[in-house]
Amino acid sequence: MASSVPVAVRADDGPSSARTGRPRRSWVARSRPWLLLAPGLAVLAVLMLWPLLRVFLFSLQDYGLPQIVSGEPNWIGLGNFAEVLTSEQLWSVVLPNTIGFAVLAVSATVAFGTAVAVLLASLGTAWRAVVSSCIMAAWAMPAVTGTYVWVWIFDADRGVFNHVLQSLGLQDAPVNWFTDRWSFYAIVLLNIVHHGFPFVTVTVLAALLGVPRELIEAAEIDGAGGWRRFFSIIVPQLRQVFAVVIIMSTIWDFKVFAQVFLMPGGAGTNREVLNLGVWSYVESFGQNRYGFGAAIAVLLTLMLLAITVVYVRTILKEEEL
Amino acid sequence: MSVLSVRRPTPRAQVGKAVAVVALLVFTLFPAYWMLVSAFDAKAGLGTSFVPAEPTVEHFRFVLTEGGFDVFLRNSAVVALVTVLVSAVLALLASVAVARFRFRLRTQILLMILVVQMVPLEALVIPLFVQVRNLQLLETLLGLIVVYVALALPFGIWMLRGFVAAVPVELEEAAYIDGASWGRMFRSILLPLVAPGLVATSIFSFITAWNEFLFAMTLLGGATENYTVAIGLRSFFGQFSNEWGAIMAASTLITVPVMVFFILVQRRLAAGLTSGAVKG
């Protein structure tokens, strides 16, 4: 619980009250933080918290176009959740595509990002600056255009990937990489790692450069090899940083939407490649089953909330809010 | 000299490192490079050439005239700029409150701001679609702006809070001793000192609004004249064949401002305006 006692000389005390200990503050001064917060909180309440409550309320209804038009509720209890949780689609396709993919994507992103950070840390200052700037370009690429570029690279008819494979004699005819569930998600994985590793690299690099040189030096004199130094000295020092990086990546990779939706067949026509977010959207806006879509969205939100709780606890360990 | 080792690297290690750097650069830059090559190539996709086989700016001319991308760019610019202005003001006020005051429920509000950033857009899009529809703002830029302000706000508050907290309290106290009111102190001391943070936060809001795809697609529906760049791109996808040269030219137009801003943010974040201000 935050205390209402000012910790230092607070702005709202004024110079005179600072000396008299517990200040007798005016009503304006006491309500100043709330006046400052009011516009922002109002926006968040109307456009974030209320919709969040509402998506939960929708998930308990058979909510379709008639309900949207009339505004009348149509309660069906937990029917939508029962349908989602007993659906073959959820267990055989959607959950593996969401959780399995997130696990794979996070491991790949964090491993690759860390490897690049170690590589950058071993470079001279000038080269480090040049390579970091290039990495920024991968980060800055918007998800939408980035996805289209990957689709173009792997395009079945004229994509450069098929061209190169064919001119190398590795395949006879062009292959459509988007129809198969595995190759589809391999491309999504490539896209996500490419877009996500710069964040890991930049964060881990900053922490790496802060590890005391004496530790490394001592370990090296004691005869510890490169891998040993990395896992026994560096990783324990960077535990907190890795925790934050892993959790943030997990949250992002659970929410992959545009990267799947914009791929050929990703917008619902290929039922094999649906993940939770796309499934929710396709059921809502494609089939007008807003209640059912809301139930899927609630499940996704609950999963993310669980990860967020871990994240918040990690942060609270590190700093006082 | 390496950070992870104090010994001089062997020549073999040096070569290995060089190879790794080249491979890394090829991997990171290839998509952007390929986008540019295809955008400037009249024969995009007809051969395996890794440089434009027939250099041209025809694709850009096409997307900016017949393709209607001039309108999409203008829409996106309007949406992003208004989002930036509104969210910057709201975020600044709120961040001062949480960084400079101790009050009841402060921790809870901070946690709430942290948690709402994790909420998936797919969960918000259903109720917000209904809400915007009830306000009769579907297919308008205003409806989109209202949503984007809310999306940009939590991160803005979170980020600005750090910048506000970094301004030494001593500077504020000095202002009070000189007889300034709270409002005067805010305008003359706090605002100029958090300006770099405000710029960085604004650029992040700009990028959020510029790149956003899900809400633009859902709220704008069939109102092509109000499309933003992110969904305008889809109009180049034909039913049977895709205009890849045009798609890559349009993608280039979308990506370049974002990349420029990203580089700007990098510099701004490092700028320490307050360092040394107290020592004077």
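Residues numbered from 1 in each chain as written. Chains lettered and ligands numbered in written order. Predicted model: local features only at pLDDT ≥ 70, side-chain atom pairs only at ≥ 80, totals over all residues.

J.: So, the overall build of chain B: which residues are in play, and what are the values?
T.: Of the regular secondary structure elements, chain B holds eleven helices and zero strands. Its C-alpha atoms give chain B a radius of gyration of 24 Å, clearly above 19 Å, the size a compact globule of 280 residues would have. A principal-axis box enclosing the C-alpha atoms of chain B has dimensions of 70 × 70 × 30 Å. Buried positions account for 42% of the 280 residues belonging to chain B. Taking as baseline every contact in chain B between residues at least 6 positions apart, the subset at least 24 positions apart corresponds to 75%. (Helix = DSSP H or I, 4+ residues; strand = E, 2+ residues; numbered from the N terminus. Rg over C-alpha atoms; globule rule 2.2 N^0.38 Å. Buried ≥ 20, exposed ≤ 12 C-beta atoms within 10 Å, placed from the backbone. Contact = placed C-beta atoms within 7 Å.)

J.: I'd like a description of the overall build of chain A, backed by residues and values.
T.: If you tally the helices and strands in chain A, you get 15 helices and zero strands. Computed over C-alpha atoms, the radius of gyration of chain A comes to 26 Å, more than 25% over the 20 Å expected from 2.2 N^0.38 for 321 residues, which places it beyond the range of a compact globule. Taken over the C-alpha atoms alone, chain A extends approximately 85 × 75 × 30 Å along its principal axes. Sorting the 321 residues of chain A into buried and exposed places 39% on the buried side. Sequence separation of 24 or more characterises 65% of the internal contacts of chain A that already satisfy a separation of 6 or more.

J.: Explain the interface of chain A and chain B residue by residue, including any values.
T.: Between chain A and chain B, the residue contacts involve 85 residues of the former and 84 residues of the latter. Broken down by element, the side of chain A that touches chain B gets its largest block of residues, 15 residues, from helix H2 (residues 27–59) of chain A. Among the residues making up the side of chain A that touches chain B, the classes are represented as 60 nonpolar, 16 polar and nine charged. (Nonpolar A, V, L, I, M, F, W, Y, C, P; charged D, E, K, R; others polar.)

J.: Lay out the UniProt feature "transmembrane region" (unreviewed entry) in chain A with the relevant residues and their values.
T.: Those residues carrying the UniProt feature "transmembrane region" (unreviewed entry) are residues 34–53, 99–123, 130–153, 184–209, 230–252 and 290–312 of chain A in this numbering. The annotated region residues 34–53 of chain A carries 100% helix and 0% strand content, and the separation between its end C-alpha atoms amounts to 24 Å. (UniProt positions renumbered as here; feature names shortened; annotations may be inferred.)

J.: Outline the domain arrangement of chain B, supporting the account with residue identities and numerical values.
T.: Residues and elements named next belong to chain B. When the domains of chain B are assigned, the result is domain 1 (11–56) and domain 2 (62–270). With centres defined by C-alpha atoms, the gap from domain 1 to domain 2 works out at 32 Å. Between domain 1 and domain 2, the residue contacts involve seven residues of the former and six residues of the latter. Taken together, the residues of the side of domain 1 that touches domain 2 sort by class into four nonpolar, two polar and one charged. (Domains from an automatic or database assignment.)

J.: Can you lay out the nonpolar core for me, pointing to particular residues and giving the numbers?
T.: Generally speaking, a soluble globular protein has its nonpolar side chains buried in company with each other. Grouped together as the largest cluster of nonpolar side chains are 151 residues, with contacts concentrated most on B:Leu144, B:Val147 and B:Ala250. Mapped onto the domain boundaries, this core takes at least three residues apiece from domain 1 (11–56) and domain 2 (62–270) of chain B. (Core = buried A, V, L, I, M, F, W, Y, C linked by C-beta atoms within 7 Å.)

J.: Run through the UniProt feature "transmembrane region" (unreviewed entry) in chain B, naming residues and quoting values.
T.: Residues and elements named next belong to chain B. With numbering matched to this structure, UniProt assigns "transmembrane region" (unreviewed entry) to residues 15–36, 77–97, 109–129, 141–160, 189–210 and 244–265. What you have in residues 15–36 is 100% helix and 0% strand, and the ends, taken at the C-alpha atoms, are 30 Å apart. The annotated region residues 189–210 carries 100% helix and 0% strand content, and the separation between its end C-alpha atoms amounts to 32 Å.

J.: Pulling in residues and values, what's your account of the environment of A:Gly196?
T.: Residues and elements named next belong to chain A. Note that Gly-196 resides in helix H9 (residues 181–208). Classification of Gly-196 as buried rests on a count of 23 C-beta atoms within 10 Å. For Gly-196 and Cys-134, which are 62 residues apart along the polypeptide, the C-alpha to C-alpha distance reads 14 Å. Apart from the residues within four sequence positions on either side, Gly-196 is in contact with Thr-109, Ser-249 and Trp-252.

J.: Go over the UniProt feature "domain: ABC transmembrane type-1" (unreviewed entry) in chain A with me, naming the residues and quoting the values.
T.: Per the UniProt record, "domain: ABC transmembrane type-1" (unreviewed entry) is annotated on residues 95–311 of chain A. Across residues 95–311 of chain A, the secondary structure splits into 76% helix and 0% strand, with the terminal C-alpha atoms separated by 22 Å.

J.: Tell me about helix H1 (residues 11–39) of chain B, residues and numbers included.
T.: Residue and element names in this part refer to chain B. An ideal rise of 1.5 Å per residue puts 42 Å on 29 residues; H1 measures up with 41 Å between its terminal C-alpha atoms. Of all the bends in H1, the greatest, near 50°, is centred on Phe-30, and the proline Pro-31 appears no more than four residues after it. Looking at H1, one finds that the buried residues are Leu-24, Thr-28, Pro-31, Ala-32, Met-35, Ser-38 and Ala-39. (Expected span 1.5 Å × (residues − 1). Bend = angle between axes of the 7 residues up to and from the residue.)

J.: Could you give me a rundown of unusual backbone geometry, with the residues and numbers involved?
T.: A positive phi angle is found at A:Asn288, which is not glycine, with a value near 60°. Relative to the helices and strands, A:Asn288 resides in the loop between helix H14 (276–286) and helix H15 (290–318).

J.: Break down the packing of H9(A) against helix H12 (residues 239–254) of chain A for me, citing the residues and quoting the values.
T.: Residue and element names in this part refer to chain A. It is the contact of H9 with H12, at a shortest axis distance of 10 Å, that shows an interaxial angle of 165°. One finds that H9 runs roughly antiparallel with respect to H12. The handedness of the crossing between H9 and H12 is right-handed. Facing H9, whose interface residues are Ile-192, Gly-196, Val-200, Thr-203, Val-204 and Ala-207, H12 presents Val-241, Val-245, Ser-249, Trp-252 and Asp-253. (Axes fitted to C-alpha atoms, helices over the stretch in contact; angles between N-to-C directions. Parallel < 35°, antiparallel > 145°, perpendicular 65-115°, else oblique. Left-handed = near helix turned anticlockwise from the far one by under 90°.)

J.: How would you sum up the confidence of the model for chain A? Please name residues and give values.
T.: Per-residue pLDDT for chain A averages 88, and the proportion of residues at 70 or more is 91%. The low-confidence segment residues 1–22 of chain A, where pLDDT is below 50, has 37 contacts with residues more than four positions distant or belonging to other chains. (pLDDT = per-residue confidence, 0-100.)

J.: Give me the lowdown on the environment of A:Val188, citing residues and values where you can.
T.: Residues and elements named next belong to chain A. Residue placement: Val-188 occurs in helix H9. Taking the number of C-beta atoms within 10 Å as the measure of exposure, Val-188 has 23 and is therefore buried. With 125 residues separating them in the primary sequence, Val-188 and Arg-313 have C-alpha atoms 30 Å apart. Ignoring sequence-local partners within four residues, the contact set of Val-188 consists of Val-256, Gln-259 and Val-260.

J.: How would you sum up the confidence of the model for chain B? Please name residues and give values.
T.: The share of residues in chain B with pLDDT of 70 or more is 91%, and the mean pLDDT across the chain is 87. Reported confidences for the modelled complex are a pTM of 0.89 and an ipTM of 0.89.

J.: Lay out the packing of helix H7 (residues 169–177) of chain B against helix H8 (residues 182–211) of chain B with the relevant residues and their values.
T.: In a packed pair of helices, the relevant descriptors are the angle between the two axes and the axis-to-axis distance. All names here are of chain B. Between H7 and H8, whose axes approach to 10 Å, the crossing angle comes to 140°. Considering the angle they form, H7 stands oblique to H8. The interaxial crossing formed by H7 with H8 has right-handed handedness. In this structure, H7 uses Leu-171, Glu-172, Ala-175 and Tyr-176 to contact H8, whose residues at the interface are Met-185, Ser-188 and Ile-189. Looking at side-chain class alone, the contact of H7 with H8 contains five nonpolar, one polar and one charged residues.

J.: Explain the environment of A:Ala224 to me, using residue names and the numbers behind them.
T.: Tracing the chain through its elements places A:Ala224 in the loop between helix H10 (213–221) and helix H11 (226–237). Residues in contact with A:Ala224, not counting those within four places in the same chain, are A:Ala219, A:Arg229 and A:Ser232.

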